[in-house]
Number of protein chains: 2
Amino acid sequence: MRQIVFWLTVVAAVAGVVASTTLTPGRADEQPAPAYVTTMPEGYRDWRWISSAHEAGSLNSLGAVLGNDVAIKAYREGTIPYPDGSIIAALHYVHAPNAENNKIFGRPQSFTPGPPTNIQFMVKDSVKYAATGGWGFGHFSADGKPANAAFMKPCFPCHAQEKAHDLVFTRYAP
Amino acid sequence: MRQIVFWLTVVAAVAGVVASTTLTPGRADEQPAPAYVTTMPEGYRDWRWISSAHEAGSLNSLGAVLGNDVAIKAYREGTIPYPDGSIIAALHYVHAPNAENNKIFGRPQSFTPGPPTNIQFMVKDSVKYAATGGWGFGHFSADGKPANAAFMKPCFPCHAQEKAHDLVFTRYAP
């Protein structure tokens with residue numbers, strides 16, 4: 001494990017050196033690849049459902065995890081690691097009591113998605129995102145703006161604890 | 001409203017008389033149409049996500065609501081009533097604490113789908129299911145067996161309270 005961390009550090013350092021030595025200011029096509037996802041993948045709202053999730057406490061979140069075709073195929077076939085091209089989207093909303101349902105049901109039992117809070121992505125590209133386990137992480141607020149680098153920094157070390165599942169927390173609901 | 005109930009009762013009564021007078025025992029093709037859905041629609045696990053739902057209390061349920069293409073189009077375009085051919089599926093699971101996530105997050109916050117409990121369907125066919133607002137209701141236990149008629153009886157009167165949304169509780173999550 002320590003060796004892996006060491007080599008990842010070496011790779012990241014070398015990549016940084018290469019990037020900094022080849023950078024020509026003003027030439028956008030020669031910028032280093034971003035360390036995380038800053039453009040929202042298209043069409044995610046049509047992807048298939050992987051699972052739902054309720055995060056209680058301060059997050060107070062209810063949402064769904066969707067996958068593109070490559071990710072869904074890998075999930076269903078149990079392919080680990082996920083192949084390049086896999087994208088997983090986590091759509092998050094306020095975990096909101098549903099007053100209309102509760103009135104009909106006659107008890108305060110129903111919670112459904114309130115206002116959207118954020119959308120997160122994991123994009124598999126083993127070359128572009130080699131420094132973060134082959135996954136590019138993305139976080140977009142409800143207005144579609146990507147988070148900054150400081151906000152994104154804890155994503156990889158936290159997901160890295162799910163090494164046995166190729167850094168993916170969500171399991172496929174049957 | 002009373003007139004509608006009266007006419008639905010008349011229609012149901014007439015349909016019952018017609019069915020009972022034309023029934024020939026042993027001829028399956030002449031059985032009256034079932035009052036609810038007894039065969040699980042195919043391919044529902046590939047349908048698109050409408051929303052997630054957490055039902056607390058004795059239900060203790062976490063799940064997702066998916067729609068076939070006809071239903072998704074109606075949802076997105078705000079079409080009420082839903083056209084014939086619309087099918088909405090509600091996949092229910094135990095609202096289960098996720099010990100693996102909680103260990104990594106360092107607090108008991110994460111709930112994800114546990115074992116499946118049941119799958120429910122609403123199938124729009126304004127002729128076949130005229131007596132229940134044009135919707136056929138279906139409930140299948142985790143082993144795929146349909147519920148019996150007595151179990152299904154409360155579905156329509158409860159959903160009928162959602163008349164303004166054509167009997168559908170679930171709203172589309174953006």
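Scope of this entry: the structure provided in the associated data block. What you are looking at is a predicted structure, and each value in this text was computed from that prediction instead of being measured.

Residues and elements named next belong to chain A. Considering the arrangement of structural elements, one finds lysine 124 in strand S4 (residues 110-124). From its side chain, lysine 124 meets the backbone oxygen of tyrosine 82 in a polar contact 3.0 Å long. Excluding its chain neighbours within four sequence positions, the residues that come into contact with lysine 124 are Pro81, Tyr82, Pro83, Asp84, Gly85, Ser86, Gly133, Gly134, Trp135 and Asp166.

In this section: the relation of the copies chain A and chain B. Once chain A is rotated about the relating axis by 180° and shifted along it by 0.0 Å, it coincides with chain B to within an RMSD of 0.0 Å. Such a turn and shift between the copies fits a two-fold axis. Mapped onto chain B, 100% of the interface residues of chain A again fall at the interface, so both copies present the same surface.

The next thing to look at is the packing of aromatic side chains. The full count for this structure, using the stated rule, is 14 aromatic pairs over all chains. Put simply, the rings of Tyr75, Tyr82, Trp135 and Tyr172 of chain A pair up and form one aromatic cluster.

Time to look at the pairing of strand S2 (residues 61-67) of chain B. Residue and element names in this part refer to chain B. With seven of seven residues buried, S2 lies mostly within the body of the structure. Where burial is concerned, the two faces of S2 agree: the one with Ser61, Gly63, Val65 and Gly67 and the one with Leu62, Ala64 and Leu66 are both buried. Sheet topology places strand S1 (residues 48-55) next to S2; seven bridges connect them, and they run antiparallel. The partner of tryptophan 49 across the bridge, within S2, is leucine 66. Where S1 hands over to S2, the hairpin turn is made up of five residues, of which glycine 57 adopts a positive phi near 65°. As judged from the seven bridges shared by S2 and strand S3 (residues 87-97), these two strands associate in the antiparallel manner.

Here the focus is the nonpolar core. By size, the foremost hydrophobic cluster in this structure holds 32 residues, and its most contacted members are Trp49, Leu91 and Phe121 of chain A together with Trp49, Leu91 and Phe121 of chain B. Among all residues touching phenylalanine 121 of chain A, those that are not within four sequence positions of it are Met40, Pro41, Tyr44, Trp47, Ile87, Ile88, Ala89, Gly136, Phe137, Gly138 and Phe140 of chain A.

Moving on to helix H2 (residues 69-77) of chain A. All names here are of chain A. Within H2, the full set of buried residues consists of Ala71, Ile72, Ala74 and Tyr75. The buried residues of H2 occupy one face: seen down the axis, they fall within an arc of 165°. The exposed set on the far side of H2, more than 90 degrees from its buried face, consists of Asp69, Lys73 and Glu77. Against the buried residues of H2 lie strand S1 (48-55), strand S2 (61-67) and strand S3 (87-97). Looking one or two residues beyond H2, the residue adopting positive phi is glycine 78, at roughly 70°.

Of the residues lining the interface, 42 residues belong to chain A; the matching set on chain B comes to 42 residues. Considering only the surface of chain A that becomes buried against chain B, Arg45, Trp49 and Ile104 of chain A emerge as the three largest contributors, covering 20% of it. Linking chain A to chain B there are six salt bridges. Two residues, glutamate 100 of chain B and arginine 171 of chain A, come together in a salt bridge whose shortest N-O distance is 3.3 Å. Our count for the chain A to chain B interface comes out at 29 residue pairs in polar contact (both at pLDDT 80 or more). Looking at which element gives the most residues to the side of chain A that touches chain B, the answer is S1 of chain A, with eight residues. Each residue belonging to the side of chain A that touches chain B can be placed in one class, and the counts come to 21 nonpolar, twelve polar and nine charged. Both S4 of chain A and S1 of chain B contribute to a ladder of two bridges, which runs antiparallel. Its bridge partner being in S1 of chain B, phenylalanine 111 of chain A is matched across the sheet by histidine 54 of chain B.

Moving on: the pattern of salt bridges. Taken as a whole, this structure holds 14 salt bridges over all chains when the rule is applied. Where arginine 48 of chain A meets aspartate 69 of chain A, a salt bridge forms, and the shortest distance between an N and an O atom there is 2.9 Å. With arginine 48 of chain A in strand S1 and aspartate 69 of chain A in helix H2, this residue pair connects regions lying 21 residues apart in the sequence. Salt bridges here are not isolated pairs; linked through shared partners, they connect Asp46 of chain A together with Arg48, Asp69 and Arg76 of chain B.

Conventions we followed
Residues numbered from 1 in each chain as written. Chains lettered and ligands numbered in written order. Predicted model: local features only at pLDDT ≥ 70, side-chain atom pairs only at ≥ 80, totals over all residues. Heavy atoms only, no water. Helix = DSSP H or I, 4+ residues; strand = E, 2+ residues; numbered from the N terminus. Polar contact = N/O pair within 3.5 Å; in protein donor to acceptor, adjacent residues only side chain to side chain. Contact = heavy atoms within 4.5 Å. Least-squares fit on C-alpha atoms with pLDDT ≥ 70 in both. Phe/Tyr/Trp six-rings, centres within 6.5 Å; stacked < 30°, edge-to-face > 60°. Buried < 20%, exposed > 50% of the residue type's maximum accessible area, 1.4 Å probe, protein only. Pairing = 2+ DSSP bridges. Core = buried A, V, L, I, M, F, W, Y, C linked by side-chain atoms within 4.5 Å. Arc of directions from axis to C-beta. Buried area = accessible area lost by both parts, 1.4 Å probe. Salt bridge = Lys/Arg side-chain N within 4 Å of Asp/Glu carboxyl O. Nonpolar A, V, L, I, M, F, W, Y, C, P; charged D, E, K, R; others polar.

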